[in-house]
Amino acid sequence: MLFAHAQPTRDPLRVAITRAFLADETQVVESLLPLARVSDAQLQRIELGAVGPGVPDVNYCIGGMEGWLELKATENWSVPFRPGQPGWIARRVRAGGRVFILTRRRHGGGPRKGEPVDELWIHKGKEVLAVNSGDLRSAETALWLAGGPRNWDWAAVQQVLVA
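Here the structure is a predicted model, which is why all the values come from computation and not from measurement.

S.K.: What am I meant to see in the overall build of the protein chain here?
M.R.: Scanning the protein chain for helices and strands turns up five helices and six strands. Counting helices and strands in the order they occur from the N terminus, the protein chain gives α-α-β-β-β-α-β-β-α-β-α. Relative to all contacts within the protein chain whose residues are 6 or more apart in sequence, the contacts with residues 24 or more apart total 49%. Total accessible area on the protein chain stands at roughly 8500 Å², and carbon and sulfur atoms take up 51% of it.

See the structure below:
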């Protein structure tokens, strides 16, 4: 299995996505490189200035299944999109393409926020307009994981991306 691992800290998918949510663009590109060395997996970071507006952050191919990942991070329930992103995703989905929105919802907690959270929300691209106009909870969720990257089920992430 592509993301099966003997040492949880060495899981390339977990490492790449975790770094992607924490790093600037240069570090994101570097964090995705280990996945390119995993058999039958390729991820390519897309530079926004090199292509049209709204194109997602990452193009992937895993076991012959190709798709796009739009990576987001938020402390609350709303998900910030740049102009052109929801339209691009909706058009790609209508054309039969595979797109996922991976949102890391993370905060340290507090009186107004409640308990600390570190969650991964995965939405299919067809839900982009609901996520954009509402929040994470207003759209059908393909996968929701809690407890931070060390506790996320990376095999389940793989299953969603290739289903």
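S.K.: Would you mind showing me how to read the environment of D153 here?
M.R.: Counting through the fold element by element, D153 comes out in the loop between β6 (143-145) and α5 (154-162). The sequence separation of D153 and L143 amounts to ten residues, and the corresponding C-alpha distance is 10.0 Å.

S.K.: I'm lost on the packing of aromatic side chains in this one. Help?
M.R.: The description of an aromatic ring pair uses the distance of the two centres, along with the angle that the planes make with each other. Summed over the entire model, instances satisfying the criterion amount to three aromatic pairs. With a centroid separation of 5.3 Å and 70 degrees between ring planes, the pair formed by W68 and W88 is classed as edge-to-face. On the criterion of sequence distance, the pair formed by W68 in strand β3 (residues 65-74) and W88 in helix α3 (residues 85-94) is long-range, its members being 20 residues apart. Geometrically, the ring pair formed by W77 and W121 is edge-to-face, given 5.7 Å between the ring centres and 90 degrees between the ring planes. With W77 in the loop between β3 and α3 and W121 in strand β5 (residues 117-124), the pair connects residues that are 44 residues apart, well separated along the chain. A connected cluster of aromatic rings, assembled from ring pairs, spans W77, W121 and W144. Positioned above the aromatic ring of W77 is the side chain of R137, whose terminal nitrogen or guanidinium carbon lies 3.9 Å from the ring centre.

S.K.: What should I look at first to understand the pairing of strand β4 (residues 99-107) in this one?
M.R.: Two faces make up the sheet, and in a regular strand the side chains alternate between them. For β4, the tally of buried residues reaches eight of nine residues, placing the bulk of the element in the interior. Pairing analysis gives seven bridges linking β3 to β4, with the strands arranged parallel. For L69, the partnering residue across the bridge sits in β4 and is F100. As judged from the eight bridges shared by β4 and β5, these two strands associate in the antiparallel manner. Its bridge partner lying in β5, F100 is registered against K124.

S.K.: Got a minute to help me understand the pairing of β3 in this structure?
M.R.: Extensive coverage of β3 is indicated by the burial of seven of its ten residues. As consecutive antiparallel partners, strand β2 (residues 58-62) and β3 are separated by two residues, and within that stretch G63 has a phi angle of approximately 55 degrees, a positive value.

S.K.: Help me understand α3 in this model?
M.R.: Residues spaced three or four apart along an α-helix point in a common direction, a consequence of the helix completing one turn every 3.6 residues. Among the residues making up α3, those that are buried are Q85, P86, W88, I89 and A90. Where α3 is buried, its residues contact β3, β4 and α4 (128-133). Immediately downstream of α3, the backbone of G96 shows phi near 95 degrees, a positive value.

S.K.: Quick question: what am I supposed to make of the nonpolar core here?
M.R.: Note that soluble globular proteins tend to have their nonpolar side chains buried in a common cluster. Counting residues in each nonpolar core, the largest one holds 18 residues, and the members touching the most others are L69, F100, I122 and V157. Looking at this core, the elements with two or more residues in it are β2, β3, β4, β5, β6 and α5. Of all the elements, α5 adds the most residues to this core, at five residues. Non-local contacts of I122, meaning those with residues more than four positions away in its chain, are made with F100, I101, L102, T141, A142, L143, V157 and V160.

Quick notes on the rules
- Residues numbered from 1 in each chain as written.
- Predicted model: local features only at pLDDT ≥ 70, side-chain atom pairs only at ≥ 80, totals over all residues.
- Heavy atoms only, no water.
- Helix = DSSP H or I, 4+ residues; strand = E, 2+ residues; numbered from the N terminus.
- Contact = heavy atoms within 4.5 Å.
- Areas by Shrake-Rupley, 256 points an atom, 1.4 Å probe, with all protein chains shown as cover.
- Phe/Tyr/Trp six-rings, centres within 6.5 Å; stacked < 30°, edge-to-face > 60°.
- Lys NZ or Arg CZ within 6 Å of the ring centre and 35° of its normal.
- Buried < 20%, exposed > 50% of the residue type's maximum accessible area, 1.4 Å probe, protein only.
- Pairing = 2+ DSSP bridges.
- Core = buried A, V, L, I, M, F, W, Y, C linked by side-chain atoms within 4.5 Å.

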